[in-house]
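Notes for the structure review
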There are 2 protein chains.
Amino acid sequence: MPHSALDLQQDAARLTAQLVDLPSESGDEAALADAVEEALRALPHLDVDRYGNNVVARTRLGRAERIVLAGHLDTVPIAGNLPSRLDEDGLLWGCGTSDMKAGVAVQLRIAATVPEPNRDLTFVFYDNEEVAAHLNGLGKVAEARPEWLAGDFAVLLEPSEGQVEGGCQGTLRVRLHLRGTRAHSARGWMGANAIHAAGPVLERLAGYQPRWPVIDGLEYREGLNAVGVEGGVAGNVIPDLCTVTVNFRYAPDRGEQDALDHVREVFAGCGVEEFEVDDSSPGALPGLAHPAARAFLAAVGGEPRPKYGWTDVSRFSALGVPAVNYGPGDPNLAHKRDERVETALVTRCEERLRRWLTA
Amino acid sequence: MPHSALDLQQDAARLTAQLVDLPSESGDEAALADAVEEALRALPHLDVDRYGNNVVARTRLGRAERIVLAGHLDTVPIAGNLPSRLDEDGLLWGCGTSDMKAGVAVQLRIAATVPEPNRDLTFVFYDNEEVAAHLNGLGKVAEARPEWLAGDFAVLLEPSEGQVEGGCQGTLRVRLHLRGTRAHSARGWMGANAIHAAGPVLERLAGYQPRWPVIDGLEYREGLNAVGVEGGVAGNVIPDLCTVTVNFRYAPDRGEQDALDHVREVFAGCGVEEFEVDDSSPGALPGLAHPAARAFLAAVGGEPRPKYGWTDVSRFSALGVPAVNYGPGDPNLAHKRDERVETALVTRCEERLRRWLTA
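Quick caveat, the model's predicted, so the values are computed rather than measured. (Residues numbered from 1 in each chain as written. Chains lettered and ligands numbered in written order. Predicted model: local features only at pLDDT ≥ 70, side-chain atom pairs only at ≥ 80, totals over all residues. Heavy atoms only, no water.)

Examining the interface of chain B and chain A
Listed as interface residues are 40 residues of chain B and, on the opposing side, 40 residues of chain A. Note on chain B versus chain A: buried area summed over both sides is about 2900 Å², and carbon and sulfur give 60% of it. The largest share of the area that chain B buries against chain A comes from B:Trp189, B:His196 and B:Val229, three residues that together contribute 21% of it. Counting the contacts that link chain B with chain A gives 0 salt bridges. Linking chain B with chain A are 12 residue pairs in polar contact (both at pLDDT 80 or more). (Contact = heavy atoms within 4.5 Å. Buried area = accessible area lost by both parts, 1.4 Å probe. Salt bridge = Lys/Arg side-chain N within 4 Å of Asp/Glu carboxyl O. Polar contact = N/O pair within 3.5 Å; in protein donor to acceptor, adjacent residues only side chain to side chain.)

Okay, here's the thing in structure tokens:
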């Protein structure tokens, strides 16, 4: 057995350490994908497929429902925080511990130890989650092999501190262009100041009253914010262009077009010459009313929370699969040099998933 | 006589061409300053001094009044527009024709041809006017040898199309800093948006009613304008800083401190945390009520106009010498590749100054 072969018999905490010590920065996931594929192919109850550095393994038991457990293999760049280190308080330190090799370890442990689950299972391991959206492995599989991702309910094992986070909000970024006419600032009356023209846009933003709708029992909090403003030619010139970039975070009961329509409506009459969409990713409904989701909630316990940030659950939502985030890592430690995970939480997360899938 | 020696016996138009063909981009004025100094030293009625590449020549006739005629030797970078070329319409083309070797030619012609003026005369030729203010030769002379610039009235031969432009407006640039608190834009309610906080500043600017006061019969037009705005950390972050840069162009009946006080007052209550002065240059009163100025106006004719832009007349004003702009060039052609001057205007300008100084 080569040294990188994964041992799925050790507990999830130890397996996390082994995964962490197999570096897999975005774009460099091949070795880890190989190891995951090899370990899964050794399990006779699973059919294993691979597309690029994305690995999908499925049971074929003919159950009434199919559950997808998904996680990404890649990490942000290593920041002098490898190899991993377990301290006396049971904290495992290192790049990718929370985000999200602890979650991947739980996936692998369920794959290895639950050969006859009460629902058919699909395990998805994908690459390039931490980089530009168009590189995302889950997106590539969804495009090329959507049937691999079919299911009734999906759990994304992203860090959520062992709490269920339902769905996710959508995000839309739009550049609002205001125009004017250049002139020398000593003769300002000969021009029209594009920065002054942005005043009503900022006033509208400051007075904006966001919706906080409740969906499937979860309160989502919309928000509309300027995330950038730029204008100015030189210290003695009346500027002819000012651009305000706004970011609309919206609840998953809106679609992408509805979100854009709303932004246009908010700024109606503000003199915006052009609305340039810079980025748009739809939200995902939590789907907590689905029987599989109810059973999942009952098994893992706790109060589900809404997810405000955008995550890959949105990709499942787009495929018609309700999805939640549920993983042992701490999202506040993700991407940090002092990233760590509480190993007790990794084990507990594994146990609760097993309880749900074997009850 | 070396080829670069100036011939002050030729008319002002031909002398302009000779000056233009002796390149003197800012920082490279030594050869032209040498030629000017040499030509002036050949005139027995003048005392000549030099400080760096700045040359000052004075009559010592004990007249009741002293007039300063000033001009800069440097030009903006040559843009393929040398040597000079005189066309059949009497237009002289080339770098520095309008701004302002035509004016320098007029100064030199008066120096050479009016040995017994009715008022004592001071001729000032200085370097580095087209670059950063701290390099300006007139400023350096004013600091090191202020007595060389003493006088009752000054004429700066900057391009003004042969019209008298009185005084100049002041200019003040201030950076207004608005603060907030960073947060992820998916959880905007946890932060405070500094860009939104700039709304009242822009509204105040848009609604600003400038003064257009009349001073010595000239209408000055104040103006307060944003010339820059910047804010934003990343596409998903509530920004904690937004800076609006404003430029206040003010009439010369205000001083620098008054101008800054006014800007602070305009934005009172807008939540500006800091007013950072970026640039400040006082205006200059036209001083057209002075007897020497009245005689000058009568001699050169035309209706005096206010000068909206900032010019070096402000430096004379700071020394207690009222000053105007009056030169043969066209300010709209300054710094342009197709810069040119109407030679008839150069000659006329010379004649009118001579009439004033010999009447």
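Some thoughts on the confidence of the model for chain A
With 99% of its residues at a pLDDT of 70 or more, chain A has an overall mean of 94. Scored by ipTM, the complex comes to 0.79, with pTM at 0.80. (pLDDT = per-residue confidence, 0-100.)

Comments concerning the side chain of A:Arg119
Residue and element names in this part refer to chain A. Note that Arg119 resides in the loop between α3 (97-113) and β6 (120-126). At 3.0 Å, the side chain of Arg119 forms a polar contact with the side chain of Glu65. Residues within four places of Arg119 in sequence aside, it is in contact with Arg63, Glu65, Ile67, Ala295 and Trp356. (Helix = DSSP H or I, 4+ residues; strand = E, 2+ residues; numbered from the N terminus.)

A word on the domain arrangement of chain A
All names here are of chain A. Here chain A is described as being made up of domain 1 (12-167 + 284-358) and domain 2 (170-281). With 15 residues of domain 1 at the contact, the number on the domain 2 side is 12 residues. When domain 1 packs against domain 2, the two sides together hide about 970 Å² of surface, and 64% of this comes from carbon and sulfur. Counting every contact that joins domain 1 to domain 2 gives 0 salt bridges. At the boundary of domain 1 and domain 2, one finds 3 residue pairs in polar contact (both at pLDDT 80 or more). (Domains from an automatic or database assignment.)

Looking at the sheet that holds strand β16 (residues 274-281) of chain A
Hydrogen bonding along the main chain pairs the strands of a sheet, whether they run parallel or antiparallel. Spatially, β16(A)-β9(A)-β15(A)-β13(A)-β13(B)-β15(B)-β9(B)-β16(B) is the arrangement adopted by the 8 strands of the open sheet, whose pairing is antiparallel. In the strand order of this sheet, the two ends are held by β16 of chain A together with β16 (274-281) of chain B, each with one partner. Within this sheet the neighbouring strands show an average axis-to-axis angle of 25 degrees, counted without direction. Running over the sheet, helix α6 (residues 256-266) of chain A touches β9 (170-179), β13 (223-231), β15 (241-250) and β16 of chain A and is turned about 135 degrees from β15(A). Set on the sheet, helix α5 (residues 199-206) of chain B makes contact with β9 (170-179), β13 (223-231) and β15 (241-250) of chain B; between it and β15(B) the angle comes to about 20 degrees. (Pairing = 2+ DSSP bridges. Axes fitted to C-alpha atoms, helices over the stretch in contact; angles between N-to-C directions.)

Brief notes about the pattern of salt bridges
Residue and element names in this part refer to chain A. Throughout the structure, instances matching the rule amount to 49 salt bridges over all chains. A salt bridge links Asp120 to Arg66, with the nearest nitrogen and oxygen atoms 4.0 Å apart. Here Asp120, found in strand β6, pairs with Arg66, found in strand β3 (residues 66-72); they are 54 residues apart in sequence, far enough to count as distant. Exposure class is identical for Asp120 and Arg66. Each is buried. Arg173 is the partner of Asp278 in a salt bridge, and the nearest nitrogen-oxygen pair spans 3.2 Å. With a gap of 105 residues between them, Asp278 in strand β16 and Arg173 in strand β9 connect regions that are remote in the sequence. Given the relative accessible area of 39%, Asp278 is considered partly exposed. Beyond isolated ion pairs, a larger network of salt bridges with shared partners links Arg211, Glu222, Asp253, Arg254 and Asp258. (Buried < 20%, exposed > 50% of the residue type's maximum accessible area, 1.4 Å probe, protein only.)

Remarks on a nonpolar patch on the surface
A cluster of nonpolar side chains, contributed by A:Trp189, A:Met190 and B:Trp212, occupies part of the molecular surface with about 320 Å² of accessible area. Structurally, A:Trp189 is set in the loop between β10 (183-184) and α5 (199-206). (Patch = residues over 30% accessible without salt bridge, like charges linked within 9 Å, V, L, I, M, F, W, Y side chains within 5 Å. Areas by Shrake-Rupley, 256 points an atom, 1.4 Å probe, with all protein chains shown as cover.)

Some thoughts on the sheet that holds strand β7 (residues 153-156) of chain B
All names here are of chain B. Reading across from one edge, β1-β2-β6-β3-β7-β18-β8-β17 is the order of the 8 strands in this open sheet, with mixed pairing throughout. Every other strand in the sheet has two partners, leaving β1 (47-51) and β17 (305-306) as the edge strands with one partner each. By the bridge criterion, 7 bridges tie strand β3 (residues 66-72) to strand β6 (residues 120-126) in an arrangement that is parallel. From the neighbouring strand, Gly71 faces β6, where its bridge partner is Phe125. Across the sheet, helix α2 (residues 30-41) is in contact with β1, β2 (54-58) and β6; its angle to β1 comes to roughly 160 degrees.

Observations regarding the relation of the copies chain B and chain A
Applying a rotation about an axis and a shift along it to one chain copy brings it onto the other copy. The two copies are related by a screw operation: chain B maps onto chain A through 179 degrees of rotation and 0.0 Å of translation along the axis, at an RMSD of 0.2 Å. Taken together, the rotation and translation describe the operation of a two-fold axis. By residue overlap, the copies meet face to face through one surface: 100% of the interface positions of chain B are interface positions in chain A. (Least-squares fit on C-alpha atoms with pLDDT ≥ 70 in both.)

A word on the packing of aromatic side chains
Under the criterion given, the structure shown has 14 aromatic pairs over all chains. The interplanar angle of 65 degrees and the centroid separation of 4.7 Å between the aromatic rings of A:Phe296 and A:Trp356 together place this pair among those described as edge-to-face. Here A:Trp356 lies in helix α9 (residues 343-358) and A:Phe296 lies in helix α7 (residues 291-300), a separation of 60 residues in the sequence. Consider the rings of B:Phe153 and B:Phe296, whose centres lie 5.7 Å apart with planes at 55 degrees: the pair is tilted. With B:Phe153 in strand β7 and B:Phe296 in helix α7 (residues 291-300), this pair connects stretches of sequence that are 143 residues apart. Among the aromatic residues, those joined into a ring-pair cluster are A:Phe153, A:Phe296, A:Tyr326 and A:Trp356. Across from the ring centre of B:Trp189, 4.7 Å away, lies the NZ or CZ of A:Arg221, which sits over that ring. (Phe/Tyr/Trp six-rings, centres within 6.5 Å; stacked < 30°, edge-to-face > 60°. Lys NZ or Arg CZ within 6 Å of the ring centre and 35° of its normal.)

Quick notes on the environment of A:Thr122
Residue and element names in this part refer to chain A. Mapped onto the elements of the fold, Thr122 is located in strand β6. Since its relative accessible area comes to 0%, Thr122 is described here as buried. A sequence separation of 65 residues divides Thr122 from Ala57, and the C-alpha atoms of the two residues are 5.7 Å apart. At a separation of 2.8 Å, a polar atom in the side chain of Thr122 contacts the side chain of Arg66.

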